[in-house]
Amino acid sequence: MPDMTPAPAARSFDALIIGAGFSGLYQLLCLRDRLGLNVQVLEAGDGVGGTWYWNRYPGARCDSESHSYNYTFSKELFEEWEWSERYPEQPEIMRYLNHVADRFDLKRDICFGTRVVAARHDEAAGSWTVTTEAGEKLTAQFLITAVGCLSTANVPALPGLGDFAGRWYHTGQWPHEGVDFRGKRVGLVGTGSTGIQATPVIAEAAAHLTVFQRTPNYSVPAHNAPLTPEFRQWVRHNHAELRRIMQSTPNGHPFVIEDRSVWDVTAEQRQAIYEAAWAKGGLQFRAAFRDLLVDKEANDTAAAFLKDKIREIVKDPATAELLADIDHPYAAKRPPIDSDYFATFNRPNVTLADVRRAPIERITPAGIRTAAAEYPLDIIVFATGFDAMTGPLLRMNIEGRDGRALAEAWEAGPRNYLGLQVAGFPNLFTITGPGSPSVLCNMPVAIEQHVEWITDCIARLRADGLARIEPTEAAMDDWVTQVNDAAHATLLPQAHHSWYLGANVPGKPRVFMPYAGGMARYRAICDEVAAAGYPGFMRGA
Ligand code: N01
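Within each chain, residue numbers correspond to sequence positions counted from 1 in written order. Side-chain atom pairs in this predicted model are given and counted only at pLDDT of 80 or more, local residue features only at pLDDT of at least 70, and totals for whole chains, interfaces and linings cover all residues. Neither water nor hydrogens contribute to the side-chain values; these are computed over all heavy atoms in the structure.

A. Spotlight on the sheet that holds strand β16 (residues 379-382). DSSP bridges decide pairing: two strands pair if at least two such bridges lie between them. Helix and strand definitions follow DSSP, with helices as H or I runs of at least four residues and strands as E runs of at least two, each counted in order from the N terminus. If you walk across this open sheet you meet the five strands as β7-β16-β8-β9-β12, and the pairing is parallel. Looking at the sheet topology across the chains shown, the edges are occupied by β7 (167-170) and β12 (350-354). The average undirected angle you get between the axes of adjacent strands in this sheet is 20°. The sheet contact formed by strand β9 (residues 208-213) and β12 spans five bridges and is parallel. Bridge pairing in β12 links Q213 to D354. The criterion used for residue contact is that any of the two residues' heavy atoms lie within 4.5 Å. Angles run from 0 to 180 degrees between N-to-C directions of axes, and those axes are lines fitted to C-alpha atoms, restricted for helices to the stretch in contact. The strands touched by helix α5 (residues 193-205) within the sheet are β8 (185-189), β9, β12 and β16, with β8 carrying the most contacts at an inclination of about 170°. Contacts from helix α10 (residues 317-324) reach β9 and β12, with the element oriented near 50° to β12.

B. How the structure looks around helix α7 (residues 239-248). For α7, the full list of buried residues reads H239, L242, I245 and M246. Along the axis of α7, the buried positions cluster into a sector of 135°, meaning they face one direction only. Looking at the buried side of α7, the elements it contacts are α3 (75-80), α6 (229-236) and α13 (443-463). Each residue gets one of three labels from its accessible area relative to the maximum for its type: buried under 20%, exposed over 50%, partly exposed in between, using a 1.4 Å probe on protein chains only. Arc definition: it is the arc formed by the directions from the helix axis to the C-beta atoms.

C. The arrangement of the site of the ligand in detail. Residues are counted as near a molecule or strand when any one of their heavy atoms sits within 4 Å of it. Looking at the ligand, there are 22 residues lining it, with T191, T194, R214, T215 and K333 nearest. In the analysis that follows, any N or O atom pair within 3.5 Å is treated as a polar contact, provided that within protein one partner can donate a hydrogen and the other can accept it, and provided that, for residues neighboring in sequence, both atoms belong to side chains. The separation between an oxygen atom of the ligand and a polar main-chain atom of S193 is 3.1 Å. Contacts to the ligand include W499, whose side-chain N or O atom sits 2.9 Å from an oxygen atom. All accessibility values rest on the Shrake-Rupley procedure with a 1.4 Å probe; residue burial counts only the protein chains present in the view. For the ligand, the accessible surface in isolation is 910 Å², of which the surrounding protein chains cover 90%. The element best represented in the shell around the ligand is α5, accounting for three residues. When its residues are assigned to classes, the shell around the ligand shows eight nonpolar, nine polar and five charged. In this classification, the charged set is Asp, Glu, Lys and Arg, the nonpolar set is Ala, Val, Leu, Ile, Met, Phe, Trp, Tyr, Cys and Pro, and all remaining amino acids, among them Gly, are polar.

D. Main features of the environment of D180. Tracing the sequence through the fold places D180 in the loop between β7 and β8. You can call D180 partly exposed: its relative accessible area is 43%. Separated by 199 residues in sequence, D180 and I379 have C-alpha atoms that sit 9.8 Å apart. In this structure the side chain of D180 is engaged in a polar contact, spanning 2.8 Å, whose partner is the side chain of R182.

E. Highlighting the side chain of Q40. On the secondary structure map, Q40 appears in strand β2 (residues 39-42). A polar contact is formed between the side chain of Q40 and the backbone oxygen of D109, at a distance of 3.0 Å. Non-local contacts of Q40, meaning those with residues more than four positions away in its chain, are made with R11, F13, A15, L16, I17, D109, I110, C111 and L138.

F. Spotlight on the pattern of salt bridges. Salt bridges are counted wherever a side-chain nitrogen of Lys or Arg sits within 4 Å of a carboxyl oxygen of Asp or Glu. Scanning the model with the defined rule gives 40 salt bridges in all. A salt bridge links R290 to D259; the nearest nitrogen and oxygen atoms lie 3.3 Å apart. Within this pair, whereas R290 is found in the loop between α8 (267-280) and α9 (296-313), its partner D259 is found in the loop between α7 and α8, the two being separated by 31 residues in sequence. Residue D259 is classed as exposed on the basis of its relative accessible area of 65%. Of the charged contacts in the structure, one is a salt bridge between R311 and E321, with a shortest N-O distance of 2.8 Å. Here E321 lies in helix α10 and R311 lies in helix α9, a separation of 10 residues in the sequence. The exposure class assigned to R311 is partly exposed, which follows from its relative accessible area of 36%. We classify E321 as partly exposed; its relative accessible area is 40%. When salt bridges that share partners are traced, they join R32, D33, D105, R108 and D109 into one network.

G. Representation of the side chain of T199. Note that T199 resides in helix α5. Polar side-chain contacts of T199 include one of 2.7 Å to the backbone oxygen of G195. In this structure T199 touches L188, L209, V211, Y341, T344 and F345, once residues within four positions along its chain are discounted.

What follows is the structure, encoded as structure tokens:
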């Protein structure tokens, strides 16, 4: 007898939010508690944390300073939380986000362990239907992606990986129980921010570590340390001032870029400035001069200083030359900061393998074979990054009006208006999507701006008795031009192997994805659009 049980009706909400990291949590709070909407968050992980839930690799730590790596929307929340170190470590960030979720009673509206596999807009109903991996369907008027920019792991398609007799891991999908490196021969592929953080920690534990370097990278010491009680007290008493600075600087950090050119000072003064910036450490190094990211010759002075530091630190001259053989301007790729990365190559149990000149040919059952040698390994760690920015959105199979796939709309690269909405995809908002400052900014600052803009936009829509909003094609075209122009006014596109350009994923369109015009300028543009009644958007009943 056929099963006559009717399919369960789709659960219906005002808004669905995908992801429970920094952005999803705050978006939930804003829509539920400020606007009074009926909201559900869908989260693939079994807990809050987003990027930080998955990236548990050894040494995982944020490169924003801790007092700026938090929400600022609540003075009370800001003042009651105390970070322990200059840069927050992954477990501490998880504690912070759990604290926020509990403090604002957010978890009751989050479905954990729920991965979204499809989202389709229904024009007649004016709603989105979201399908989960378990087959459940949920509908909502508004769909907001809070999926992060770096959440789709990029495991290189190396032949033979399936035959490897040891264990392999991607840093962005790290096992919760950790990995025991003791007595093991470990190969680490990738020298971006992740590889540079993980290398010293794995080297301490493993019998031997081989670092497979394709593109050498700059790195500035983090100089991580416990925060003093005096500093913590200063932070607690300066919420408004810190928020003001972070909201007014191009990268959303709590420091200002020096208003001087590399060419305003003598070579000796410049050297002293770089030495002081090196001694201070962190991302602030690139704030030493205002023209480091726009004038190649100015940038060359910083690049030369940093390469000299590598040669000073690394004792073996051949290894030092390989590490310092950097072919992109400083900070044109995301600049890593480290704790003893270069010094780690002085350890007797660490080897550097140059896979730019001698590429990896295949994974064998015993290890990694390059064009030059075979490296026997027990464990391979892929610190090979992410299908950044577009990857997390495209893998959800989003279909807008008339079933048009986002993947098709973005075939030649992402196109949207203000990094927030896509024509043909009504009421879909993408927090920190491509076309917004996102990864070029201290993320919580970028996230708060987007969440608050989206919240105000929905509130205005409802107050005006309207039900839908989407941008015009013309507004999108203009914004794509602005995103391009902003990138090309800087040196950023000169790093031809950068994930900002999608260059790390074979076959991905080479388009500079984030908006490089600076967070403060971007905020002003978004605010002007809202204040003017949303020109460039179509709002309707
Ligand atoms: O990834 P990446 P990541 N064979 O793409 C190499 C944030 N983050 O995870 O440059 C050999 O930067 C690749 O080489 P190449 C931060 O925004 C922040 O390190 O493509 N090598 C590169 O060396 C960061 O930028 C923090 O030639 C291969 C590396 O793998 C972003 O996340 C910490 C390869 C990937 O570097 C991503 O960083 C960590 C192959 N087939 C991450 N494929 C902090 O806050 C790729 N590579 C501190």
